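# Fold and contact review
Chain by chain, the residues:
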Amino acid sequence: MNRPTTGLLALVLTIGLHSQFAFAVEDSASQLVTINKIIRGEGKPGETATAKNGEVIYTVLEDGTVEIRNLRYNTVQRFGTIKSNDNSRSK
């Protein structure tokens with residue numbers, strides 16, 4: 001019997017293993033809240049959150065800059081945030 005569905009099954013399993021649910025951790029919702037807070041500029045220096053897959057780490061540096069470190073690709077990005085009540089930067 002020819003099994004053409006074997007390739008499809010392998011594809012489904014591969015996608016399933018890399019889905020967001022495969023990397024779920026108990027406190028993933030609280031990590032998502034913390035990541036959003038950090039990105040919005042509401043985090044405090046030293047505050048850190050890790051994405052579900054564990055490969056991306058968000059950190060608030062001492063000067064308020066946000067650092068995003070991707071361990072898989074060995075990259076680092078840094079950016080400043082503008083708080084919603086901070087009009088001094090918009091001029």
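Structural notes, computed from the coordinates.

The rules behind these values
Residues numbered from 1 in each chain as written. Predicted model: local features only at pLDDT ≥ 70, side-chain atom pairs only at ≥ 80, totals over all residues. Heavy atoms only, no water. Helix = DSSP H or I, 4+ residues; strand = E, 2+ residues; numbered from the N terminus. Polar contact = N/O pair within 3.5 Å; in protein donor to acceptor, adjacent residues only side chain to side chain. Contact = heavy atoms within 4.5 Å. Pairing = 2+ DSSP bridges. Axes fitted to C-alpha atoms, helices over the stretch in contact; angles between N-to-C directions. Buried < 20%, exposed > 50% of the residue type's maximum accessible area, 1.4 Å probe, protein only.

## With respect to the side chain of asparagine 70
Inspection of the secondary structure puts asparagine 70 in strand E3 (residues 66-70). A distance of 3.1 Å separates the side chain of asparagine 70 from the backbone nitrogen of tyrosine 73, its partner in a polar contact. If sequence neighbours within four positions are ignored, asparagine 70 has contacts with Glu55, Val56 and Thr75.

## Quick look at the sheet that holds strand E4 (residues 75-79)
Taken in spatial order, the four strands make up an open sheet running E1-E2-E3-E4, and their pairing is antiparallel. Bordering the open sheet on either side are strand E1 (48-50) and E4, each of which pairs with just one other strand. Sheet twist, expressed as the average angle between the axes of neighbouring strands with direction ignored, equals 15°. The strands touched by helix H2 (residues 28-39) within the sheet are E1, strand E2 (56-60), E3 and E4, with E1 carrying the most contacts at an inclination of about 130°.

## Notes on the environment of glycine 43
Counting through the fold element by element, glycine 43 comes out in the loop between H2 and E1. Here glycine 43 falls in the buried class, since its relative accessible area comes to 18%. On a C-alpha basis, the gap between glycine 43 and threonine 59 in space is 8.6 Å, while along the polypeptide they are 16 residues apart. In this structure glycine 43 touches Lys37, Ile38 and Val60, once residues within four positions along its chain are discounted.

## Overview of the environment of arginine 40
With respect to the helices and strands, the residue arginine 40 is situated in the loop between H2 and E1. Arginine 40 gets classed as partly exposed once you look at its relative accessible area, which sits at 44%. Along the chain, arginine 40 and glycine 80 lie 40 residues apart, while their C-alpha atoms are 9.8 Å from each other.

All we've got here are geometric facts, nothing functional implied.
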